[in-house]
Amino acid sequence: MADLVAFAVTTFVAIFAIVNPLNATTFFVVLTRTYSNAMKKAVIERAILAATVTLVVFAFVGNTVFLVFDISIPAFRIAGGLLLFSIAFSMMQGERSRTQLTAQDRQEALEREAVGITPLGIPMFAGPGAITTVIGLMAEASSPLDLPRIAIILVSILVTMGVGWLMLANADRVFHRMGRMGVYAFSRIMGLILAAVAVQFVILGIQGAVAL
């Protein structure tokens, strides 16, 4: 039971840290400053739906990549850990990782109506780091098959997206209360936590590779 609780806490913290919904609030406030309330609501719904579907789909079919490309789980954990650490390092430096949002994405967002899907939903919420995290956690829960852990992963995704929806729906209020420095401070804290998760991924990958 204790192991399951520890896994639940680690899983939620890992997914929440890499998704980091608060990071999207700054971009959302600037992007939708001229939008009507109805349009803002539509953008939020598209973003959360797109991100949720993406992460859930990759949670169940991501491991198929291992079979198709003959990739071992330890190799994926090491690669995923390195990717997550690079993202975490950017977050701790107060920068937005390029795997989440590029200048081109930002410019294209201003010219599209479907900004909720991209770049807000993908890749800001469900970027490479989030996808890697979900696949890595699911691989751990699927070998051997562990239904309670799989349920924890899915619930963690849904709760994180629920928090993301609340933050976007109240983006103006959140950003006004926290301010730019508050958002940056929160991002650095999440980056530190994510760095620890990334290192743990690498450690598990090395242990698995040695055991092969």
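Above this text sits the structure in question.
For every chain, the first residue of its written sequence is number 1, and the numbers climb from 1 along that sequence. Note on the predicted model: pLDDT of at least 70 is required for a residue's local features to be given, and 80 or more for side-chain atom pairs to be given and counted; whole-chain, interface and lining totals, by contrast, use all residues. No hydrogens and no water enter the side-chain calculation; it runs on all heavy atoms of the structure.

Some words on the overall build of the chain
Here is the rule: Each helix is a run of H or I in the DSSP string that is no shorter than four residues. Each strand is a run of E no shorter than two, and both are numbered from the N terminus. Whether two residues are in contact is decided by their heavy atoms: any pair within 4.5 Å suffices. Note on areas: these come from Shrake-Rupley sampling with a 1.4 Å probe, and a residue is covered only by the protein chains present in the view.
Check the secondary structure of the chain and you find ten helices and zero strands. Each helix (α) and strand (β) of the chain, taken in turn from the N terminus, gives the series α-α-α-α-α-α-α-α-α-α. Contacts in the chain between residues far apart in sequence, at least 24 positions, make up 86% of those at least 6 positions apart. For the chain, the computed accessible surface area is about 10800 Å², with 68% contributed by carbon and sulfur atoms.

Topic: the packing of aromatic side chains
How two aromatic rings sit relative to each other is set out by the distance from centre to centre and by the angle between their planes. Operational definition: For Phe, Tyr and Trp, rings pair up if their centres lie within 6.5 Å, where Trp contributes its six-membered ring, and each pair is then called stacked (planes under 30 degrees apart), edge-to-face (over 60) or tilted (otherwise). When the NZ atom of lysine or the CZ atom of arginine is within 6 Å of a ring's centre and also within 35 degrees of its normal, the charge is said to sit over that ring.
Per the stated rule, a full pass over the model turns up one aromatic pair. Across the ring face of Phe7, the terminal group of Arg149 is positioned such that the distance to the ring centre comes to 4.6 Å.

Focus: the nonpolar core
Selection criterion: We define a nonpolar core as any set of buried Ala, Val, Leu, Ile, Met, Phe, Trp, Tyr and Cys residues linked to one another through side-chain atoms lying within 4.5 Å. Type-normalised accessible area, obtained with a 1.4 Å probe on protein chains alone, sets the label of each residue: buried when under 20%, exposed when over 50%, and partly exposed for intermediate values.
If you look at the biggest cluster of nonpolar residues, it comprises 50 residues, and the most contacted ones within it are Leu55, Leu120, Phe125, Met161 and Leu168. Taken together, the elements giving at least two residues each to this core come down to helix H1 (2-19), helix H2 (21-31), helix H3 (37-61), helix H5 (73-92), helix H7 (116-125), helix H8 (128-142), helix H9 (147-169) and helix H10 (171-211). Looking at this core element by element, the count peaks at eight residues for H8. Those residues in contact with Leu168, other than ones at most four positions away along the chain, are Ala24, Thr25, Phe28, Ile44, Ile48, Leu120 and Phe125.

Comments concerning a nonpolar patch on the surface
Keep this limit in mind: The patches described consist of residues with a relative accessible area above 30% and no salt bridge, like charges being joined within 9 Å and nonpolar side chains (Val, Leu, Ile, Met, Phe, Trp, Tyr) within 5 Å. For this analysis, a salt bridge means a side-chain nitrogen from Lys or Arg found within 4 Å of a carboxyl oxygen belonging to Asp or Glu.
A grouping of Leu49, Val53, Val57, Phe60 and Val61 is seen on the molecular surface, where their side chains present a nonpolar patch of about 460 Å² in accessible area. Within the secondary structure, Val57 sits in helix H3.

As for the pattern of salt bridges
For the structure shown, the criterion picks out three salt bridges. Put simply, Asp146 and Arg149 hold a salt bridge, and the shortest N to O gap is 3.3 Å. Relative accessible area serves as the criterion here: at 19%, Arg149 is assigned to the buried category. Each of Glu140, Asp146 and Arg149 takes part in salt bridges that share partners, so that together they form one network.

Some points on the environment of Ile117
If you trace the backbone, Ile117 turns up in helix H7. The class for Ile117 is partly exposed, based on a relative accessible area of 38%. Sequence-distant contacts of Ile117, defined by excluding residues within four places in its chain, comprise Arg46, Ala50 and Ile122.

Some remarks on the packing of H3 against H9
Worth spelling out the cut-off: Note on method: axes are straight lines fitted to C-alpha atoms, helices fitted across the in-contact stretch only, with angles between N-to-C directions ranging 0 to 180 degrees. In this scheme, roughly parallel covers angles under 35 degrees and roughly antiparallel covers those over 145, while 65 to 115 is roughly perpendicular and the rest are oblique. Two helices cross in a left-handed way if the nearer one is turned anticlockwise from the farther one by less than a right angle. They cross in a right-handed way if the turn is clockwise. Following the grouping adopted for this structure description, the nonpolar residues are Ala, Val, Leu, Ile, Met, Phe, Trp, Tyr, Cys and Pro, the charged ones are Asp, Glu, Lys and Arg, and the polar ones are all others, Gly among them.
Interhelical geometry of H3 versus H9 gives an angle of 165 degrees and a closest axis separation of 10 Å. It follows from the interaxial angle that H3 and H9 lie roughly antiparallel. In this structure, H3 crosses over H9, and the sense of that crossing is right-handed. Between H3 and H9, the contacting residues are Ile44, Ile48, Ala51, Thr52, Leu55, Val56 and Phe60 on the first element and Leu154, Ile157, Leu158, Met161, Gly164, Trp165, Leu168 and Ala169 on the second. Looking at side-chain class alone, the contact of H3 with H9 contains 13 nonpolar, two polar and no charged residues.

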